[in-house]
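A closer look at the structure
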Amino acid sequence: MSDITGIEKAYEAARQRYAELGVDTEKAIGRLSKTAISLHCWQGDDVGGFETSEGLSGGGIVATGAYPGKARTPDELREDIEKAMSLIPGKHRLNLHAMYAETAGKVDRNELAAEHFTTWIDWAKGNGLGMDFNGTFFSHPKAESGFTLSSADEAVRRFWVEHGIACRKIGAAMGKELGTACVTNLWIPDGYKDIPADRKGPRQRLRKSLDEIFAEKIDRNCLLDAVESKLFGIGSECYVVGSHEFYLGYAIRNNILLCLDTGHFHPTEVVSDKISSVMEFLDQILLHVSRGVRWDSDHVVILSDELRAIAEELVRGDYLEKVHIGLDFFDASINRVAAWVIGTRCMLKALLIALLEPADKLRAFEQDGDFTSRLAMLEELKTMPFGAVWDYYCTKKDVPTGPDWLKEVRDYETKVTNLRQS
């Protein structure tokens, strides 16, 4: 274990250096401790779900790799999530997909209800966690055509509308039971692999479906609705019905949350530049934090320049309490518990770095036209000792510092996940 005395000494030196810039490290730590990240359950079982013993496949969703020890049952998945959360400072949330219902495959998605998630809700309550929820509009016989809510087949479209309605009721039940609003997100894979002749028709049908799904007004203290766009997907490279522009307009008109997924835009686009724009017209938004690499949008989050830029926007714009932060990646080539820990700790590190900025001083330089001082300060901040503050925060939250958390993951791997038979 790390030397506590050494960590405290390093922190005191860092605290003094930040104080010289007018930054209160204790205030930054306090605000970070109130920020919850929603961990996505699907990292733990390679987006398989529990509808069938074989799990799910297809529909443009695929996790690559065959690292041993993935969760095979709901209990194993919950056990892995608990282990990951024990290595992450702070109190966080669970983000659940509809395909993780515990129904033994006997209930189709349009008939799902809160009772099929009772064990998840009880588990979350026992661990003091809030929950978020997602409809599962992929990897299903009625999604094989590539179209769900925008399908020209009325029976198919109706099935998915019913699923969307069911998901809102489930999310509301989760929020009511746990005492914290459940962000219930909607993403569909609908689109064409090649150039379409009719872009308008599917979008008209999607709008009709959304209107039907969101028709019932539900207490926002229990449920917050969100819609998520994508630029392209596997099998929908030329046209995605639910584009950014479509959902931006829909979210603004209907006063629901817009979900910005950091892996769902062109590689040269950055979500950090979109936040302040959409927040001028929306009260709240949802972030799905991922890492896009070429055509694969779901790599494990690292402390990249863009992740730091996103965190800076959230803090500088005073959006931290208005933006719901969830993770969305899946990697079956590395230890799955470690992936959760790496991604979440990196998101928190990025937020801490942003909270340690002398934001008022930077804004003053900019307003005075002193761009030289602005640039100089931004560059000097890159070598400030935020790591000492991070280690101190981890010790205060009773989680490992530095690489010590990996030792616990390896021990868990030896004693738990390596004993699972594939």
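Our structure's up above, just so we're on the same page.
As a starting point, this report considers the structure included with it. Note that this is a predicted model, so its numbers are computed, not measured.

Cut-offs and rules
Residues numbered from 1 in each chain as written. Predicted model: local features only at pLDDT ≥ 70, side-chain atom pairs only at ≥ 80, totals over all residues. Heavy atoms only, no water. Helix = DSSP H or I, 4+ residues; strand = E, 2+ residues; numbered from the N terminus. Rg over C-alpha atoms; globule rule 2.2 N^0.38 Å. Buried < 20%, exposed > 50% of the residue type's maximum accessible area, 1.4 Å probe, protein only. Contact = heavy atoms within 4.5 Å. Areas by Shrake-Rupley, 256 points an atom, 1.4 Å probe, with all protein chains shown as cover. Lys, Arg positive; Asp, Glu negative; His and termini not counted. Charge placed at Lys NZ, Arg CZ, Asp CG, Glu CD. Axes fitted to C-alpha atoms, helices over the stretch in contact; angles between N-to-C directions. Parallel < 35°, antiparallel > 145°, perpendicular 65-115°, else oblique. Left-handed = near helix turned anticlockwise from the far one by under 90°. Nonpolar A, V, L, I, M, F, W, Y, C, P; charged D, E, K, R; others polar. Salt bridge = Lys/Arg side-chain N within 4 Å of Asp/Glu carboxyl O. Expected span 1.5 Å × (residues − 1). Polar contact = N/O pair within 3.5 Å; in protein donor to acceptor, adjacent residues only side chain to side chain. Phe/Tyr/Trp six-rings, centres within 6.5 Å; stacked < 30°, edge-to-face > 60°. Core = buried A, V, L, I, M, F, W, Y, C linked by side-chain atoms within 4.5 Å. 1 Å grid on protein atoms, 1.4 Å probe; cavity = no way out; pocket = protein on both sides within 12 Å on 5 of 7 lines; lining within 4 Å. Points joined across faces, edges and corners; volume = space filled by probe spheres on them.

Right, let's get into the overall build of the protein. A count of helical and extended segments in the protein gives 14 helices and 12 strands. Relative to the 2.2 N^0.38 estimate, which gives 22 Å for 422 residues, the radius of gyration of the protein is 22 Å and therefore close to what a compact globule would have. The dimensions of the protein, computed from C-alpha atoms along their principal axes, are 65 × 55 × 40 Å. Residues classed as buried in the protein amount to 53% of the 422 residues present. By sequence separation, contacts in the protein at least 24 residues apart represent 81% of the contacts at least 6 residues apart. Put simply, the protein shows about 18800 Å² of open surface, and 50% of that area lies on carbon and sulfur atoms. Between the mean site of the 51 positive side-chain charges and the mean site of the 65 negative ones, the protein shows a separation of 1 Å.

Turning our eyes to something else, we now look at the packing of helix H10 (residues 336-355) against helix H14 (residues 404-415). At their nearest, the axes of H10 and H14 sit 10 Å apart, and the two run at 160° to each other. Considering the angle they form, H10 stands roughly antiparallel to H14. The element H10 and its partner H14 pack so that their crossing is right-handed. In contact with Val337, Ala338, Val341, Ile342 and Arg345 of H10, H14 contributes Trp405, Val409 and Tyr412. For the contact of H10 with H14, the class distribution of residues is seven nonpolar, no polar and one charged.

The subject of this paragraph is the packing of helix H1 (residues 4-20) against helix H13 (residues 386-396). Here H1 crosses H13 at 130°, and the two axes come no closer than 8 Å. The angle between H1 and H13 falls in the class oblique. Taken as a pair, H1 and H13 cross one another with a handedness that is left-handed. Of the residues in H13, those in contact with Ile4, Ile7, Glu8, Ala10, Tyr11, Ala14 and Tyr18 of H1 are Phe386, Ala388, Val389, Asp391, Tyr392 and Thr395. Each residue belonging to the contact of H1 with H13 can be placed in one class, and the counts come to 10 nonpolar, one polar and two charged.

With that settled, consider the pattern of salt bridges. All told, the structure shown has 29 salt bridges when counted by the stated rule. Two residues, Arg316 and Glu357, come together in a salt bridge whose shortest N-O distance is 2.6 Å. Here Arg316 is found in helix H9 (residues 305-316), whereas its partner Glu357 is found in the loop between H10 and helix H11 (359-367), with 41 residues between them in sequence. Owing to a relative accessible area of 30%, Arg316 belongs among the partly exposed residues under this scheme. The shortest N-O distance in the salt bridge between Lys415 and Asp411 comes to 3.4 Å. Placement of both Lys415 and Asp411 in helix H14 is noted, with a separation of four residues, approximately one turn of the helix.

This part covers unusual backbone geometry. A positive phi angle is found at Ser139, which is not glycine, with a value near 50°. Checked against the element boundaries, Ser139 lands in the loop between strand S3 (130-134) and helix H5 (154-178). The class for Ser139 is buried, based on a relative accessible area of 12%.

The subject of this paragraph is H10. Between the first and last C-alpha of H10 there are 29 Å, a value that for 20 residues agrees with the 28 Å anticipated at 1.5 Å per step. Within H10, 18 of the 20 residues are buried, leaving the element largely enclosed by the surrounding structure. A side-chain oxygen of the first residue of H10 lies 3.0 Å from the backbone nitrogen of Val337; this N-cap is Asn335.

This paragraph deals with the packing of aromatic side chains. In total, this model carries 12 aromatic pairs according to the counting rule given. Ring plane angle 5° and centroid distance 3.7 Å describe the contact between Tyr11 and Tyr392, whose orientation is recorded as stacked. Placement of Tyr11 in helix H1 and of Tyr392 in helix H13 is noted, with a sequence separation of 381 residues between them. Among the residues examined, Tyr11 registers a relative accessible area of 3% and is labelled buried. When the ring of Phe137 is compared with that of Trp160, the centres are 5.5 Å apart and the planes differ by 40°; the resulting orientation is tilted. Note that Phe137 is positioned in the loop between S3 and H5 and Trp160 in helix H5, a separation of 23 residues in sequence. Like Trp160, Phe137 is buried.

Locating Ser333 in the fold gives a position in the loop between strand S12 (323-327) and H10. Ser333 sits in the partly exposed class, given a relative accessible area of 43%. What Ser333 contacts, discounting residues up to four positions off in sequence, is Thr64, Gly65 and Tyr67. A distance of 2.5 Å separates a polar atom in the side chain of Ser333 from a polar atom in the side chain of Asp331.

Below, the discussion takes up the nonpolar core. Counting residues in hydrophobic clusters, the biggest one holds 123 residues, and the most contacted among them are Leu96, Trp120, Leu149 and Leu314. If one sorts the elements of this core by residue count, H10 sits on top with 13 residues. Each residue touching Leu149, except ones within four places of it in the same chain, is listed here: Phe137, Arg157, Trp160, Val161, Leu186, Ile188, Asp190, Arg205, Leu206, Ser209, Leu210 and Ile213. Core analysis: the second largest hydrophobic core is formed by seven residues, Val183, Ala226, Leu257 and Leu286 among them.

We now examine the layout of surface pockets. Each pocket or cavity is described by its volume, and for the largest pocket that value is around 990 Å³. What lines the largest pocket is a set of 50 residues, among which Gly263, Ser290, Gly292, Ser297 and Asp298 lie closest to the centre. Of all the secondary structure elements, the ones that give two or more residues to the lining of the largest pocket are strand S4 (182-186), strand S9 (285-289), strand S10 (291-293), strand S11 (296-299) and H9. Per element, the largest residue contribution to the lining of the largest pocket is four residues, and it comes from S11. Residues of the lining of the largest pocket, tallied by class, amount to 23 nonpolar, 17 polar and 10 charged.

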